[in-house]
Amino acid sequence: MRYLLPIRLSVPLALLGFGLLVTLLSFGQAIAQANHHLEEEMTRRASFLGNLLAGMVEYQFRQGSQEGVDLLLSLAAASPDLNLAVLVDAKTQRILYPSSFVQRQHFLSETLSVPLRPLMAKTFETMSRQIQLSADRNTVLAVFPVNLAAPSAQLTPSRQGALVLEFDLSDLKRQALYDEWVRSILLSALLALLCFLLWLFFQQTLTKRVARLVEATQQLSHGVVTPALRLEGADELAQLAHAFDQMATRLQTKRAELVATNERLASEVEVRREAEEALGRLNEELEARVKDRTAELEAANLRLKELDRLKSELVNTVSHELRTPLTSITGYVEFLEEQLGGPLTPEQRAFVTQIQAGVTRLARLVDDLLDFARIEAGTFKLFIQEANLSQLVSETLSSLVPQAKDADLLLEAALPKAPVVLMMDAKRVGQVLLNLLGNAIKFTPAGGRITVAVLPEPEEVRVEVQDTGIGIAPEAQQQLFEKFYQVESTGARGRSGVGLGLSISKALVEAHGGRIGVVSAPGKGSCFWFTIPRSLRPTV
């Protein structure tokens, strides 16, 4: 796989791109929140100011002071966000007291851009204030009922009026947009600086050291042994450089030995002229052997590193990526089985059954990988309790009856009459039985037989899983219990695993203090057996 950019550039650029994307998304959200806050704040302000003005206007009317009403509206209109403040006759819709003299005795519809009839009608219907946000959300319109009562000495009847206030939000929203824009620019600049510092870090800690290692490798490929690299640090790159230095030292030593041999042979040419060709061939063979051995060591080293990397990536992927979606799939399959989303057709039920089988197989594979990781890390623990081994064998066989029936196989149990009770981790022993029986079902042709026997002995209990399958070659039996080893066979049924089942089974049995093995021959079936000692103590 070719990478378009080196690591020192790709990582900072990816971080920069992600940061800019987050900044843009947060910019839009921040603007929306700021505008919403301004609208709520202006609505509260309109309510407070309108209630205050309405009360003061009614007071001025009761006092008969028209100048006071004009003064109040003029002072209110001085607010920077208040476009309009007028007192309107509710019946005629004419402006009685405007904030601007030129508006006096004009109709309200000639002054405001927002229709007011529905709003004013609702105001006098409920005799309460009404506050409305315009369609473009840039104007807040507030209407408050006002009793235009005449002084008690006059005979003029009381009238109903309305105090109309119009607030402008456009300037405030523009200022909020400008503030958020400045904040976003500052965040982007800070992110760019962070990416530049990250690039410097990669340049100083990784790129230069890798360049030295590449140069030394190229020189070595041309036969030039460079002095020791001695890269600073304790990371994997420094360890690789240390291994390279050791290899170069060994090559230099071998070359010095060859040179010394050649010089010694050259000094004996006159004395041993007849052996000159033999010594020359020996010299060539030694050089070829050194080169072959060096190539083998390099290939083995690379293969071990690659296998270790693949193992780490696989376990990490299983731990963090497969667990969560697998649980989610299992939950949705259970929803489908319970028909929570509606009834299923027979064909759909068959599909759900296939999905459930696949999920179960994948969950077992995930569990095997996680057990392998725990065993490798030394964090694996047993929970020893008293359990009935005969009952465990019966329950395990019962759980595999549908699978054996589909494969046209007969499952049998040869159990002693008395229950076999001993101290063990029943869950882990059951896992061993499932692995051995699963392999027996996989490698036994249709019409075959699988027998599980429990054989009590004085010091231990022996369990045997005998099948009439295809058998295992002797050379393959020595590697059966190794990690990631799989027997190559065309007679296997179903999908193969990753080669961890038997290695995990061996670890589980040996953790109990028992032994595990196999007796098999091609075409004669196989007998896998393991033992559990009777001397185990319960886990405290």
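Just so it is clear, the structure is predicted and the values come from calculations on it, not from any experiment.

1. A closer look at helix α12 (residues 501-511)
Because an α-helix completes one turn every 3.6 residues, residues spaced three or four positions apart along the sequence face the same direction.
Step number 1: Residues of α12 that are buried: G501, L502, S503, I504, S505, L508 and V509.
Step number 2: Backbone geometry just downstream of α12 places G513 in the positive-phi region, at approximately 85°.

2. Considering the packing of aromatic side chains
Step number 1: The final tally for this structure, using the stated rule, is 1 aromatic pair.
Step number 2: Ring centres of F481 and F528 lie 6.4 Å apart, and the angle between their planes is 70°; on these two criteria the pair is classed as edge-to-face. You can see F481 sitting in the loop between α11 (474-477) and α12 and its partner F528 sitting in strand β12 (residues 526-533), a full 47 residues away along the chain. The same class applies to F481 and to F528, which are both buried.
Step number 3: The cationic tip of R462 hangs over the ring face of W529; the distance from NZ or CZ to the ring centre is 4.3 Å.

3. Brief notes about the confidence of the model for the protein
Step number 1: Here the protein averages 78 in pLDDT, and 80% of its residues register 70 or above.
Step number 2: Looking over the protein, one finds the lowest element-wise mean pLDDT in helix α7 (residues 346-377), namely 73, and the highest in strand β10 (residues 460-467), namely 95.
Step number 3: Across residues 152-157 the pLDDT falls below 50, and counting only partners more than four positions away or on other chains, this stretch makes 1 contact in the model.

4. Here we look at the sheet that holds β12
Step number 1: Spatial strand order, β7-β9-β10-β12-β11: 5 strands in an open sheet with mixed pairing. Looking at strand neighbours, the two that pair on one side only are β7 (410-414) and β11 (516-520), the edges of this open sheet. Across the sheet, the axes of successive neighbouring strands diverge by a mean angle of 15°, strand direction being ignored.
Step number 2: Inspection of the sheet shows β11 paired to β12 by 5 bridges, in the antiparallel sense. In the strand pairing of β12, I516 is matched with F530.
Step number 3: Set on the sheet, helix α10 (residues 426-442) makes contact with β9 (449-456), β10 and β12; between it and β12 the angle comes to about 175°.

5. Here we look at the sheet that holds strand β5 (residues 159-168)
Note on sheets: strands pair through backbone hydrogen bonds, and any given pair is parallel or antiparallel.
Step number 1: An order of β2-β1-β5-β4-β3 is seen for the 5 strands of this open sheet, with the pairing classed as antiparallel. The two strands at the open ends of the sheet, each matched to only one other strand, are β2 (95-97) and β3 (130-133). Averaged over all neighbouring strand pairs, the angle between strand axes comes to 30°, with direction disregarded.
Step number 2: Examined bridge by bridge, strand β1 (residues 82-89) and β2 share 2 bridges and lie antiparallel to one another. Across the sheet, the residue bridging to L87 is Y97, located in β2.
Step number 3: Lying over the sheet, helix α2 (residues 66-77) contacts β1, β2 and β5, oriented at roughly 155° with respect to β1.

6. Notes on unusual backbone geometry
Most peptide bonds take the trans form, and the phi angle of most residues other than glycine is negative.
Step number 1: Of note, R137 is a non-glycine position whose phi angle comes to about 60°, a positive value.
Step number 2: One can find R137 in the loop between β3 and β4 (139-148).
Step number 3: The phi angle at D408 is positive, at roughly 60°, despite the residue not being glycine.
Step number 4: Along the chain, D408 turns up in the loop between α9 (401-406) and β7.
Step number 5: The class for D408 is partly exposed, based on a relative accessible area of 48%.

7. Side note on the pairing of β9
Step number 1: Direction of pairing for β7 relative to β9: parallel, over a ladder of 5 bridges. When the bridges of β9 are listed, E412 appears paired with T451.
Step number 2: Both β9 and β10 contribute to a ladder of 7 bridges, which runs antiparallel. Following the sheet pairing, A453 is matched in β10 by E464.
Step number 3: Between β9 and β10, which pair antiparallel one after the other, the connecting turn spans 3 residues.

8. So, α2
Step number 1: Between its first and last C-alpha, α2 extends 17 Å over 12 residues, near the 16 Å set by a 1.5 Å rise per residue.
Step number 2: Of the positions making up α2, those classed as buried are G68, V69, L72, L73 and A76. Projection of α2 onto a plane perpendicular to its axis shows the buried side chains occupying an angular sector of 130°, all on one side. When the buried face of α2 is taken as reference, the exposed residues oriented beyond 90 degrees from it are E67, L71 and L75.

The rules behind these values
Sequence order as written defines residue numbering, which begins from 1 separately in each chain. Confidence filtering applies because this is a predicted model: local features only for residues at pLDDT of at least 70, side-chain atom pairs given and counted only at 80 or more, and all residues used for totals across whole chains, interfaces and linings. Values reported for side chains reflect all heavy atoms of the structure, with hydrogen atoms and water molecules removed beforehand. Accessible area is worked out with a 1.4 Å probe on protein chains only. A residue is then buried under 20% of its type maximum, exposed over 50%, and partly exposed in between. A run of H or I in DSSP counts as a helix once it spans at least four residues, and a run of E counts as a strand once it spans at least two, with each numbered from the N terminus. Two aromatic rings, drawn from Phe, Tyr or Trp (for Trp, its six-membered ring), form a pair once their centres lie within 6.5 Å of each other, and the interplanar angle then sorts them: stacked below 30 degrees, edge-to-face above 60, tilted otherwise. Here, a charge over a ring is recorded when the distance from Lys NZ or Arg CZ to the ring centre is within 6 Å and its angle to the ring normal is within 35 degrees. Confidence scores here are pLDDT values: one per residue, from the predictor, ranging 0 to 100. Whether two residues touch is decided by their heavy atoms; if any such pair falls within 4.5 Å, the residues are in contact. By definition, two strands form a pair when at least two bridges between them are found by DSSP. Axis geometry follows a simple rule: fit a line to the C-alpha atoms, using only the stretch in contact for helices, then measure angles between N-to-C directions, giving values from 0 to 180 degrees. Expected helix span is given by 1.5 Å per residue-to-residue step, counting one fewer step than there are residues. By definition, the arc is the one covered by directions from the helix axis to the C-beta atoms.

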